[in-house]
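Here are the chains, one letter per residue:
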Amino acid sequence: MKKLLLILTAALLGFASCSKDNYIPGPGGSGSKQKEDEPKEEQVQKVGDRCVIAYCTYYGTAIPDASVLTQINYSFAELYFKNGKYDHFELKGKWDKYSNGETRFRKIVDLKKLHPDLKICLSFSHGVSNYDNAQDGGFSGMSADPESRKKFAADCLAFCKKWGIDGIDIDWEFPTISWSGAACDKEHDTQNYTLLMKQLRETLGDSYILSYAGYTGSPEAPYGMKYIDIKAVDPYVDFVNIMTYDIASGAAGQHQSALYKSSMSSYWDIERSVDEYLKVGIKPEKLLIGIPFYARHDWDNNGEDKGVVDFRDFDKEYTAAKGFKTDNWDDVAKVPYVTRNGKMWAGYDNPRSIAVKGDWIREKGLRGMMYWDYDGDDASGTLRKAVWAAVMTK
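What you are looking at is a predicted structure, and each value in this text was computed from that prediction instead of being measured.

Take the overall build of the protein chain next. Helix and strand counts for the protein chain stand at eleven helices and 14 strands. Each of the 394 residues in the protein chain was classed as buried or not, and the buried ones make up 58%. By element, 50% of the accessible surface of the protein chain is carried by carbon and sulfur atoms, the whole surface being about 16400 Å².

Written out as structure tokens, the structure reads:
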């Protein structure tokens, strides 16, 4: 849930990415199937306005189970520039001249026919992947120009009306930083980001959802760089999807989603990340924490020892024959981890840690949880069901 710069930057900066790697999950799932004689668990019912949001990718294959979701963030759309100015946006998934990116998106939107209460938002990436597009001014260039901001916001409103979806999620990672070759303006991006969100709210009105992918760590640390002015943006957004995963430096074998700091966690953790939002006045009911549906060893996903392994592939990749053992437990960080030959290998989440985090967010009064990404779960829906229960338990 890729970049050489990310390896170097992640050790220094306190935030995490929602679209981390170039790995393309395959179809299917390797989770254990329920035995015929096992009683089916009774599903916890939805409670109030609590949120469970699944990021569903353009390259994925699974059609989400809407019974354990309140919202889908479809990932992603990308910006197109012409003659140095923002021109329009399109869905990702244009692999060649015969594809348009709409086929999978249409299948996701069709879920609303059977689940009218399901919310669907379109998420925007700072990167480009369509065959007919190239990295240009990106969000930095678009947000710097008032007319481009208005045009983008108008395009978003028109798209929402055309497809009957519920809102927009901005996943610009991050203002003032160049990842994947994205343009950046270290001096003005942060302010322009606020202006962009203000324009989106004015154009979309109050009938549509507006959210963004939030980073972890202090907005001022470690070098005084401020990527998103979370207090200035707050009046315009409905909630923040804090990416409380991939919180790991370049060193291999650390927790990536520790609830609390421990000897095996990296530079930050969920508790301190959320506290940074709360202490500047963001209401807890506007915050969601993120759950990874994969294990993170390191930032190198090449070779036999994969840096990222989807939860659904644990049985295939983390075998005893290779020296792996899953479901080790850190009782300080409150998360599981994988070991290899007895040493810490990778951090991840399982139903136990998700339940603990559920207790924690309910105590804090947070809005809910989101996860990256839906296709990473096993065939039994182990993690998505755990997230639902964790958020909706009274």
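Before going further, it helps to examine the nonpolar core. Counting 105 residues, the largest nonpolar core has Phe-89, Leu-122, Phe-124, Phe-152, Ile-170, Leu-200 and Tyr-212 as the members making the most contacts within it. Those residues in contact with Leu-200, other than ones at most four positions away along the chain, are Phe-152, Ala-153, Cys-156, Ile-170, Gly-205 and Leu-210.

Turning our attention to the packing of helix α10 (residues 351-364) against helix α11 (residues 382-392). Axis separation between α10 and α11 bottoms out at 8 Å; the angle between their running directions is 25 degrees. Put simply, α10 runs roughly parallel to α11. When the axes of α10 and α11 are compared, the crossing they make is right-handed. Between α10 and α11, the contacting residues are Pro-351, Ile-354, Ala-355, Gly-358, Ile-361 and Arg-362 on the first element and Thr-382, Leu-383, Ala-386, Val-387, Ala-390 and Val-391 on the second. Considering only residue class, the contact of α10 with α11 consists of nine nonpolar, two polar and one charged.

Considering all chains together, one arrives at 24 salt bridges under this definition. When the shortest N-O distance is used, the salt bridge between Asp-246 and Arg-296 registers 3.1 Å. Taken as a pair, Asp-246 in the loop between β7 (239-242) and α8 (270-279) and Arg-296 in strand β9 (residues 294-296) lie far apart in primary sequence, 50 residues in all. As far as the burial class goes, Asp-246 and Arg-296 line up, both buried. A single salt-bridge network, built from bridges that share partners, covers Glu-90, Lys-94 and Asp-132.

What follows deals with the packing of aromatic side chains. With the rule as written, the count across this model stands at 29 aromatic pairs. For the pair Phe-159 and Trp-163, a centre-to-centre distance of 6.1 Å together with 35 degrees between the ring planes defines the contact as tilted. Placement of the pair is Phe-159 and Trp-163 together in helix α5 (residues 146-163), with a separation of four residues, close to one helical turn. Given a relative accessible area of 13%, Trp-163 falls into the buried group. Over the aromatic face of Trp-268 sits the side chain of Arg-272, whose NZ or CZ is 4.4 Å from the ring centroid. The residue whose ring lies beneath Arg-352 is Trp-329, and the NZ or CZ to ring-centre distance is 3.8 Å.

The next point concerns unusual backbone geometry. With omega at 10 degrees, the peptide bond leading from Ser-75 into Phe-76 counts as cis. With respect to the helices and strands, the residue Phe-76 is situated in strand β2 (residues 71-82). Of note in this structure, Asp-327 is not a glycine but carries a positive phi near 65 degrees. By the secondary structure assignment, Asp-327 is in strand β11 (residues 324-330). Note on Asp-327: relative accessible area 51%, which makes it exposed.

This next bit is on helix α6 (residues 189-204). Counted at 1.5 Å a residue, the expected span for α6 with its 16 residues is 22 Å, and the 22 Å between its end C-alpha atoms agrees. The set of residues buried in α6 consists of Asp-189, Thr-190, Asn-192, Tyr-193, Thr-194, Leu-196, Met-197, Gln-199, Leu-200, Arg-201 and Leu-204. Where α6 is buried, its residues contact α4 (138-143), α5, β5 (167-171), β6 (209-214) and α7 (230-233). Gly-205 sits one or two residues past α6 and shows a positive phi near 75 degrees.

It is worth spelling out the environment of Asp-206 at this point. Position of Asp-206 among the secondary structure elements: in the loop between α6 and β6. Overall, Asp-206 belongs to the exposed group, its relative accessible area being 77%. For the pair Asp-206 and Val-237, spaced 31 residues apart in sequence, the C-alpha to C-alpha distance is 9.8 Å.

Our focus in this paragraph is the confidence of the model for the protein chain. Across the protein chain, the average pLDDT comes to 88, with 86% of residues at 70 or higher. For residues 1-36, every residue scores under 50 in pLDDT, and the model assigns this stretch 111 contacts once sequence neighbours within four places are set aside.

So, on to the pairing of strand β1 (residues 51-57). Among the seven residues of β1, seven are classified as buried, and the element is accordingly described as predominantly covered. Of the two faces of β1, the one holding Cys-51, Ile-53, Tyr-55 and Thr-57 and the one holding Val-52, Ala-54 and Cys-56 are both buried throughout. By the bridge criterion, four bridges tie β1 to strand β14 (residues 368-372) in an arrangement that is parallel. Bridge pairing links Ile-53 to Met-370 in β14. Of the strand pairs in this sheet, β1 and β2 are connected by five bridges, and their pairing is parallel. By the bridge assignment for β2, Cys-56 is matched with Tyr-74.

In this section: α5. For the α-helix, the turn length of 3.6 residues means that residues three or four positions removed from each other point alike. Over its 18 residues, α5 runs 26 Å from end to end, which matches the ideal 26 Å to within 8%, given 1.5 Å per residue. All of the buried residues in α5 are Ser-148, Arg-149, Phe-152, Ala-153, Cys-156, Leu-157, Phe-159, Cys-160 and Trp-163. Phi turns positive one or two residues past the end of α5, at Gly-164, with a value near 70 degrees.

Inspection of the secondary structure assignment puts Ala-390 in helix α11. Between the C-alpha atoms of Ala-390 and Met-369, which are 21 residues apart in sequence, the distance is 8.7 Å. Setting aside anything within four residues of it in sequence, one finds Ala-390 in contact with Ile-354, Ala-355, Gly-358, Arg-362 and Met-369.

Conventions adopted
Residues numbered from 1 in each chain as written. Predicted model: local features only at pLDDT ≥ 70, side-chain atom pairs only at ≥ 80, totals over all residues. Heavy atoms only, no water. Helix = DSSP H or I, 4+ residues; strand = E, 2+ residues; numbered from the N terminus. Buried < 20%, exposed > 50% of the residue type's maximum accessible area, 1.4 Å probe, protein only. Areas by Shrake-Rupley, 256 points an atom, 1.4 Å probe, with all protein chains shown as cover. Core = buried A, V, L, I, M, F, W, Y, C linked by side-chain atoms within 4.5 Å. Contact = heavy atoms within 4.5 Å. Axes fitted to C-alpha atoms, helices over the stretch in contact; angles between N-to-C directions. Parallel < 35°, antiparallel > 145°, perpendicular 65-115°, else oblique. Left-handed = near helix turned anticlockwise from the far one by under 90°. Nonpolar A, V, L, I, M, F, W, Y, C, P; charged D, E, K, R; others polar. Salt bridge = Lys/Arg side-chain N within 4 Å of Asp/Glu carboxyl O. Phe/Tyr/Trp six-rings, centres within 6.5 Å; stacked < 30°, edge-to-face > 60°. Lys NZ or Arg CZ within 6 Å of the ring centre and 35° of its normal. Expected span 1.5 Å × (residues − 1). pLDDT = per-residue confidence, 0-100. Pairing = 2+ DSSP bridges.

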